[in-house]
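Architecture at a glance
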Amino acid sequence: MNAVITAIGGFVPSSILTNKKISETVDTSEEWIEKRTGIKERRIADCNTATSDLASAAIENLFENYNVDRLEVEALLVATATPDHILAPTASIVCEKSGLANAFGFDMNAACSGFLYALEMGANMIESGRYSKIIVVGADKMSSIVDYEDRNTCILFGDGAGAVLLEKTESDNGLMKTILKTDGSGTSSLLVPSGGSRNPTSMQSLLHRTNYLKQEGAFVFKKAVASMSQVSQDALAKNELHAAQIDWVIPHQANLRIINAVSESLNIDSEKVKVNIDRYGNTTSATVPLCLWDFKEDFKLGQNLLITTFGAGFSWGATCLKWGVMREKKAVETIKTDTVNENVLVAH
Ligand code: ACO
């Protein structure tokens, strides 16, 4: 039995933060940001919107576009590095907002690899035979932990969410073997130093702005290229596939130069590599599902996809999947607005 993606939803806030706007507030330029990262703009949620709002909007988009009974969903896995609260779980809030009355839910934090980790957990739950319908969502409100006075990081991140429904299939479509990696020696190179149990929020942390994300950009860049290249090669080998058999690559969207270096090392033509970093920046747990959502019409039955990610931790990984039969679509693709925050959350 395999786990296969049968429905997809996505959501980004309507508010756009352009490079021009950033260059008016920190010492950078539109050209520098676009040339060094590939990012032209990113979406930013307003202060009344939390990660659970983004996640439930993506799930609502899934339900609005595919014929799925929400009461049949048995579990919700929320990958996020920016939970609504340290406690309670964001997944509980999303279960409530999305009407997943028969599902249990929990959060997973593996930073930019969170969605891939959660997808692997969800697939294993389906393949065990114990569950038949699971929603995996990647959602982050990165603007809540980004320091808009730090030009090294504020140019990179955006807010968004993407969700997939995993179901069982007896065909050979669906998720193949996955490789997930963790190297805790990288923790200090990319983290939010304060606000957790190590350094609870204090006057000092606010003064020194250590409640915001810090990154050794150039070091992380090199690690990301090497790790995503190697783990992708290993995942291809584990699934007995050659790079030439991959129809589409869905890479984590952290920097276009990282994406290009990884695809070059795999010898995969750039036309096969899905990129939306120009419009959304790095949405952390949401980059992969947002990419699946953005480009879903391009994926055809039986095509092979390669997903690879790298993020804080360090955490990284890769998987291959054979695109399966999607659930029947509803007649009209609907526009989503969020009831909580109708003026701000307008569907992309
Ligand atoms: N505008 C202008 N100049 C800048 C900016 C900016 N926004 N940011 C840095 N610079 C300067 C630096 O100060 C430095 O100047 P110097 O040479 O005078 O010292 C110069 O540009 C080069 O700095 P680098 O840090 O080497 O720049 P780089 O080309 O590496 O780009 C970036 C920086 C975009 C952050 C890149 O390193 C990167 O993308 N890193 C990886 C990000 C990533 O993959 N993160 C993992 C996932 S995120 C997660 O898990 C949450």
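Refer to the structure printed above.
Residues numbered from 1 in each chain as written. Predicted model: local features only at pLDDT ≥ 70, side-chain atom pairs only at ≥ 80, totals over all residues. Heavy atoms only, no water.

A few points about unusual backbone geometry
Stated precisely, the cut-off is as follows: Runs of H or I in DSSP of at least four residues are treated as helices and runs of E of at least two as strands, each being numbered from the N terminus.
Across the junction of Leu87 and Ala88, the peptide omega takes the value 20°, indicating a cis bond. One can find Ala88 in the loop between β4 (75–79) and α4 (90–97). Geometrically, the link from Gly313 to Phe314 is a cis peptide bond, its omega value of 0° lying close to zero. Structurally, the position occupied by Phe314 is in the loop between β12 (304–311) and β13 (315–322).

Topic: the environment of Leu206
Operational definition: Any residue under 20% of the maximum accessible area for its type is buried, any over 50% is exposed, and the rest in between are partly exposed; the area is computed with a 1.4 Å probe on protein chains only.
Note that Leu206 resides in helix α6 (residues 203–207). Residue classification places Leu206 among the partly exposed positions, given a relative accessible area of 46%.

Looking at the pattern of salt bridges
What counts is decided by this rule: Here a salt bridge means any side-chain nitrogen of Lys or Arg lying within 4 Å of a carboxyl oxygen belonging to Asp or Glu.
For the coordinates displayed, the defined rule picks out 13 salt bridges. Of the charged contacts in the structure, one is a salt bridge between Lys133 and Glu167, with a shortest N-O distance of 3.6 Å. Placement of Lys133 in strand β6 (residues 133–141) and of Glu167 in strand β7 (residues 159–169) is noted, with a sequence separation of 34 residues between them. Given the relative accessible area of 12%, Lys133 is considered buried.

Here's the deal with the site of the ligand
Short version of the rule: In these notes, residues near a molecule or strand are those with any non-hydrogen atom within 4 Å of it. Any pair of nitrogen or oxygen atoms within 3.5 Å is treated as a polar contact; in protein, a donor-acceptor pairing is required on top of that, and neighbouring residues in sequence qualify only through side-chain atoms on both sides. The protein chains shown are the only cover counted for residues, whose accessible areas, like all others here, come from Shrake-Rupley with a 1.4 Å probe. Amino acids outside the nonpolar list (Ala, Val, Leu, Ile, Met, Phe, Trp, Tyr, Cys, Pro) and the charged list (Asp, Glu, Lys, Arg) are all regarded as polar, and Gly is one of them. Domain segmentation is taken from an automatic or database assignment of domains.
By nearness alone, 28 residues border the ligand, and Thr28, Arg36, Cys112, Gln215 and Asn255 come closest of all. One of the side-chain N or O atoms of Gln215 is found 2.8 Å from a nitrogen atom in the ligand. Between the ligand and Gly217 there is a distance of 3.0 Å, counted from an oxygen atom to a backbone nitrogen or oxygen. Bound to the protein, the ligand loses 74% of the 1,000 Å² it would expose on its own. Broken down by secondary-structure element, the contributors of at least two residues to the shell around the ligand are α2 (30–37), α7 (217–238), α8 (256–265) and β12. Looking at which element gives the most residues to the shell around the ligand, the answer is α7, with four residues. For the shell around the ligand, the class distribution of residues is 14 nonpolar, ten polar and four charged. Mapped onto the domain boundaries, the shell around the ligand takes at least three residues apiece from domain 1 (2–172 + 326–347) and domain 2 (176–274 + 298–322).

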